[in-house]
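Okay, here's what each chain looks like letter by letter:
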Amino acid sequence: MTPRERYLAVVDDVFTAYGERRFADGLARLDSVADGLEAWQAELAYHRACLLGASGEPGAALAALQAASAAGGWWDPAVLGDEDDLAALQGRPDFEALIATSATRWEAGQVLDRSGDILLEPSGPPRGVLVALHGAEEDASDAVLAWGAARDVGLTVLAVRSSRRTSPSYRTWGPDATSAADLAGALSTHGVEHATPLYVAGFSAGGRIAIDWALRGRPVPVAGVLAVAPALSADALPPVHEGRSLDPARILVGAEDDLLDDLRAVAGSLAGAGFRLDVIDGVGHEVPEARVREALEDLAG
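Attention in this report is confined to the structure presented alongside it. (Residues numbered from 1 in each chain as written. Predicted model: local features only at pLDDT ≥ 70, side-chain atom pairs only at ≥ 80, totals over all residues. Heavy atoms only, no water.)

**What about the overall build of the chain?**
In step 1: Along its length, the chain carries 11 helices and 9 strands.
In step 2: For the chain, the C-alpha radius of gyration of 20 Å lies close to 19 Å, the compact-globule estimate for 301 residues.
In step 3: If one aligns the C-alpha atoms of the chain with their principal axes, the spans along those axes are about 60 × 40 × 40 Å.
In step 4: Scored against the burial criterion, the 301 residues of the chain give a buried share of 50%.
In step 5: Residue pairs in contact within the chain that sit at least 24 positions apart in sequence constitute 73% of those at least 6 positions apart.
In step 6: Across the chain, 24 positive and 45 negative side-chain charges occur, with their mean positions spaced 3 Å apart. (Helix = DSSP H or I, 4+ residues; strand = E, 2+ residues; numbered from the N terminus. Rg over C-alpha atoms; globule rule 2.2 N^0.38 Å. Buried < 20%, exposed > 50% of the residue type's maximum accessible area, 1.4 Å probe, protein only. Contact = heavy atoms within 4.5 Å. Lys, Arg positive; Asp, Glu negative; His and termini not counted. Charge placed at Lys NZ, Arg CZ, Asp CG, Glu CD.)

See the structure below:
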């Protein structure tokens, strides 16, 4: 396993323990982590703090965050301030001081940086460009794994790494306007802003941004959109850009994905923009490789 794979395995185990309210087991799993995951010390400390807070140990939760902060760690201040498991710390001067320090570091960490993008040429004659957006706690390499098969149907793949970070090693997609600026920079940097046709695809948080982009036509209009398990809810649906026509406009979601109910709730509204919701049996919150390849082949016609 690579260090990142080890880290993600730990997080999966911790999430499972947390969801089943086995907080002691989650803490034991964190305690089992050997050397080599220093790059994720801030993220691991946050998980530890949440487990401790949920266990009724706010002092120990704060101490975990303070230790990581002393080593240079930081978190989005909104994440700290809105976390239910840390509610007992709200208003404490030492916690507010931690949030203030974290806010300064977090702001410094929001740097538009295109060095993490990946541009891949098609395997055959070019037939357009697919912009691929990763999910939360992922990067451009994950987007390539999810959508790289587009090269086989003649599409250039631009996998964009979001510049938005909630902690040093946790990337996600920010508010819509922020993400649009990030994407505009990527298109311009890689010289594909005027590509025809231009498609966008995304997974989870990236799927939400892909749909927002397609409906708003921002930063530039796209011809079609593919989204896998987009993290989308009814109260966050963007307006349909007047005159927008999308082909394809598909949402794929696993029958065992926790987001399924939310996506069924918005399917009717999105149908007016031509969206189709496909529910895939036996799949959770993941990218179903065979169905994505099929969707890409349909896209290429």
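Let us keep going from here.
**Concerning the packing of aromatic side chains**
In step 1: Taken as a whole and judged by the stated rule, the model has 2 aromatic pairs.
In step 2: Seen in terms of ring centroids, Y18 and F23 are 5.7 Å apart; in terms of plane orientation they differ by 50 degrees. Their pairing is tilted.
In step 3: You can call F23 buried: its relative accessible area is 10%. (Phe/Tyr/Trp six-rings, centres within 6.5 Å; stacked < 30°, edge-to-face > 60°.)

**Thoughts on the pairing of strand 2 (residues 128-133)**
In step 1: Strand 2 sits mainly inside the fold: 6 of its 6 residues count as buried.
In step 2: Side chains G128, L130 and A132 project from strand 2 onto one buried face, and the interleaved V129, V131 and L133 project onto a second face that is buried too.
In step 3: Here 6 bridges tie strand 2 to strand 3 (residues 155-160), and the two strands are oriented parallel to one another. From the neighbouring strand, G128 faces strand 3, where its bridge partner is L155.
In step 4: In this fold, the crossover linking strand 2 to strand 3 by way of helix 7 (residues 140-147) has right-handed handedness.
In step 5: For strand 2 and strand 6 (residues 198-203), the ladder comprises 5 bridges, and the chain directions are parallel. Of the residues in strand 6, the one forming a bridge with V129 is L198. (Pairing = 2+ DSSP bridges. Right-handed = clockwise from strand over helix to strand, strands pointing away.)

**Thoughts on the side chain of R164**
In step 1: Mapped onto the elements, R164 comes out in strand 4 (residues 164-167).
In step 2: Setting aside chain neighbours within four positions, we find R164 in contact with D76, W106, Q110, Y170, R171, T172, W173, G174, P175, T178 and D182.

**Quick word on the nonpolar core**
In step 1: If you look at the biggest cluster of nonpolar residues, it comprises 61 residues, and the most contacted ones within it are L133, W147, W213 and F275.
In step 2: With 7 residues, helix 9 (residues 205-216) is the single largest residue contributor to this core.
In step 3: For L133, the contacting residues outside a window of four places in its chain are A143, W147, V160, W173, L183, V200, A201, G202, F203, G206, I209 and A210.
In step 4: Grouped together as the second largest cluster of nonpolar side chains are 29 residues, V11, L27, F95 and I99 included. (Core = buried A, V, L, I, M, F, W, Y, C linked by side-chain atoms within 4.5 Å.)

**Brief notes about the side chain of D76**
In step 1: Here D76 shows up in the loop between helix 4 (58-70) and helix 5 (77-82).
In step 2: Not counting chain neighbours up to four residues away, the residues in contact with D76 comprise W106, R164 and T166.

**Brief notes about the packing of helix 1 (residues 3-19) against helix 2 (residues 23-31)**
In step 1: For the pair helix 1 and helix 2, the least separation of the axes is 7 Å and the interaxial angle reads 165 degrees. Taken together, the axes of helix 1 and helix 2 are roughly antiparallel relative to one another. In terms of crossing hand, the pair formed by helix 1 and helix 2 is left-handed. Counting all contacts with helix 1, which are made through A9, V10, D13, V14, A17 and Y18, the residues of helix 2 involved are F23, D25, G26, R29 and L30. (Axes fitted to C-alpha atoms, helices over the stretch in contact; angles between N-to-C directions. Parallel < 35°, antiparallel > 145°, perpendicular 65-115°, else oblique. Left-handed = near helix turned anticlockwise from the far one by under 90°.)

**Section: unusual backbone geometry**
In step 1: Residues T196 and P197 are joined by a peptide bond in cis, for which omega reads -10 degrees.
In step 2: Inspection of the secondary structure puts P197 in the loop between helix 8 (176-189) and strand 6.
In step 3: With an omega of 5 degrees, the peptide bond between D247 and P248 qualifies as cis.
In step 4: Mapped onto the secondary structure, P248 falls in the loop between strand 7 (224-228) and strand 8 (249-254).

**A word on a negative patch on the surface**
In step 1: A contiguous patch of negative charge on the surface is contributed by D235, D258, D261 and D262.
In step 2: On the secondary structure map, D261 appears in helix 10 (residues 260-271).
In step 3: Overall, D261 belongs to the exposed group, its relative accessible area being 57%. (Patch = residues over 30% accessible without salt bridge, like charges linked within 9 Å, V, L, I, M, F, W, Y side chains within 5 Å. Areas by Shrake-Rupley, 256 points an atom, 1.4 Å probe, with all protein chains shown as cover. Salt bridge = Lys/Arg side-chain N within 4 Å of Asp/Glu carboxyl O.)

**A short note on the sheet that holds strand 8**
In step 1: Here we have 7 strands laid out as an open sheet, ordered 1-3-2-6-7-8-9, and mixed in their pairing. Single-partner strands in this sheet number two, and they are strand 1 (118-120) and strand 9 (276-280). For this sheet, the mean angle separating the axes of adjacent strands, direction not counted, is 15 degrees.
In step 2: Relative to strand 8, strand 7 is paired through 4 bridges, and the arrangement is parallel. Of the residues in strand 8, the one forming a bridge with L226 is R250.

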